[in-house]
Amino acid sequence: MTGSDEESLAETFWAVTRRLRHQTKRALEPWEISPGQARALGVLLRHGALRPGTLAEHLRIAPRSATEVVDGLQERGLVERRPDPGDRRATLVAPTAEGERVGAAIQTARATEAERFFEALDAGDRTELTRILRRLRDA
């Protein structure tokens, strides 16, 4: 691009991610849950009970941050900590029945919001964008 009034690729990308982040926050408002907590709950729904350190790895966050996320979810009754039957010194984090219900509702709401967000793109553009974003993610 040329000209000082044109956005750079990075600026455009950040603007789109900000818009998506705000839209996601709005979608989560009915459950009063943060995007980080929603991501953690989603990981637990996909993988089942996990040790906090493993959850942190899935979320690509520090173990201390994962502890804070789990604390918030536990306060809301969405997850529980329980002993790891394979190692009594270790703890597992697992979704509660309410966590499974809320997590499923959040997944539906996020899928609806994603569809709304990307509706301006035709199927070919979506496929190409997915390919490009995966390439950047894995680089």
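Residues numbered from 1 in each chain as written. Predicted model: local features only at pLDDT ≥ 70, side-chain atom pairs only at ≥ 80, totals over all residues. Heavy atoms only, no water.

Engineer: Sorry if this is basic, but what is going on with the pattern of salt bridges here?
Structural biologist: Where charged atoms from two side chains of opposite charge approach closely, those side chains can pair. One pass over the full model with this rule turns up eleven salt bridges. In this structure, Glu-68 and Arg-64 form a salt bridge, with 3.8 Å as the shortest nitrogen-oxygen distance. Pair noted here: Glu-68 and Arg-64 are both in helix 4 (residues 63–75), with a separation of four residues, about one helical turn. Using a relative accessible area of 46% as the deciding quantity, one classes Glu-68 as partly exposed. Owing to a relative accessible area of 57%, Arg-64 belongs among the exposed residues under this scheme. Across the pair Glu-128 and Arg-131 runs a salt bridge, and its minimum N-O distance is 2.6 Å. Of this pair, Glu-128 and Arg-131 both sit in helix 6 (residues 123–138), separated by three residues, roughly a single helical turn. Judged by relative accessible area, which is 38%, Glu-128 ranks as partly exposed. (Salt bridge = Lys/Arg side-chain N within 4 Å of Asp/Glu carboxyl O. Helix = DSSP H or I, 4+ residues; strand = E, 2+ residues; numbered from the N terminus. Buried < 20%, exposed > 50% of the residue type's maximum accessible area, 1.4 Å probe, protein only.)

Engineer: Just to check I follow, could you spell out the pairing of strand 2 (residues 87–95) for this structure?
Structural biologist: One face of the sheet, then the other: side chains in a regular strand alternate in exactly this way. Where strand 1 (residues 79–84) lies against strand 2, six bridges are found, and the strand directions are antiparallel. The residue of strand 2 that forms the bridge with Arg-82 is Leu-92. Turn length for the strand 1-strand 2 hairpin, with the two strands adjacent in sequence and antiparallel, is two residues. (Pairing = 2+ DSSP bridges.)

Engineer: What is the right way to look at the confidence of the model for the chain in this model?
Structural biologist: Parts of the prediction with low pLDDT should not have their coordinates interpreted in detail. In the predicted model, the chain carries a mean pLDDT of 93, and 96% of its residues have values of at least 70. Averaged pLDDT values over the elements of the chain bottom out at 92 in helix 1 (residues 9–28) and peak at 97 in helix 3 (residues 52–59). (pLDDT = per-residue confidence, 0-100.)

Engineer: What's the story with the packing of helix 2 (residues 35–47) against helix 4 in this structure? I'm lost.
Structural biologist: When two helices pack together, their arrangement is given by the angle between the helix axes and by the axis-to-axis distance. Contact geometry of helix 2 with helix 4 gives a least axis separation of 10 Å together with a crossing angle of 85°. For the element pair helix 2 / helix 4, the angle class is roughly perpendicular. When helix 2 is examined against helix 4, the residues Gly-36, Gln-37, Ala-40 and Leu-41 are found in contact with a partner set consisting of Val-69, Gly-72 and Leu-73. In the contact of helix 2 with helix 4, the residues fall into four nonpolar, three polar and no charged. (Axes fitted to C-alpha atoms, helices over the stretch in contact; angles between N-to-C directions. Parallel < 35°, antiparallel > 145°, perpendicular 65-115°, else oblique. Contact = heavy atoms within 4.5 Å. Nonpolar A, V, L, I, M, F, W, Y, C, P; charged D, E, K, R; others polar.)

Engineer: Is there a simple way to explain the side chain of Gln-37 in this structure?
Structural biologist: On the secondary structure map, Gln-37 appears in helix 2. When sequence neighbours within four positions are dropped, the list of residues in contact with Gln-37 reads Val-69, Gly-72 and Leu-73.

Engineer: Please explain the packing of helix 2 against helix 5 (residues 97–118) as it appears in this structure.
Structural biologist: At a minimum axis distance of 10 Å, the contact between helix 2 and helix 5 shows a crossing angle of 110°. Our classification of the angle between helix 2 and helix 5 gives roughly perpendicular. Relative to helix 5, helix 2 is oriented so that their crossing is left-handed. Touching Ala-38, Arg-39, Leu-41, Gly-42 and Leu-45 of helix 2 are Gly-99, Glu-100, Val-102, Gly-103, Ala-104, Ile-106, Gln-107 and Arg-110, all from helix 5. Here the residues of the contact of helix 2 with helix 5 are counted per class, giving six nonpolar, four polar and three charged. (Left-handed = near helix turned anticlockwise from the far one by under 90°.)

Engineer: Is there a simple way to think about helix 5 in this case?
Structural biologist: Every α-helical turn comprises 3.6 residues, leaving residues that sit three or four positions apart pointing alike. Here helix 5 contains 22 residues, and its C-alpha end-to-end distance of 32 Å stays within 8% of the 32 Å for a straight helix at 1.5 Å per residue. Every buried residue belonging to helix 5 is among Gly-99, Val-102, Gly-103, Ile-106, Ala-109, Glu-113 and Phe-117, and all of these are buried. All buried residues of helix 5 project into a common sector of 135° when viewed along the axis, lining one side. Of the residues in helix 5, the exposed ones pointing more than 90 degrees away from the buried face are Ala-97 and Thr-108. (Expected span 1.5 Å × (residues − 1). Arc of directions from axis to C-beta.)

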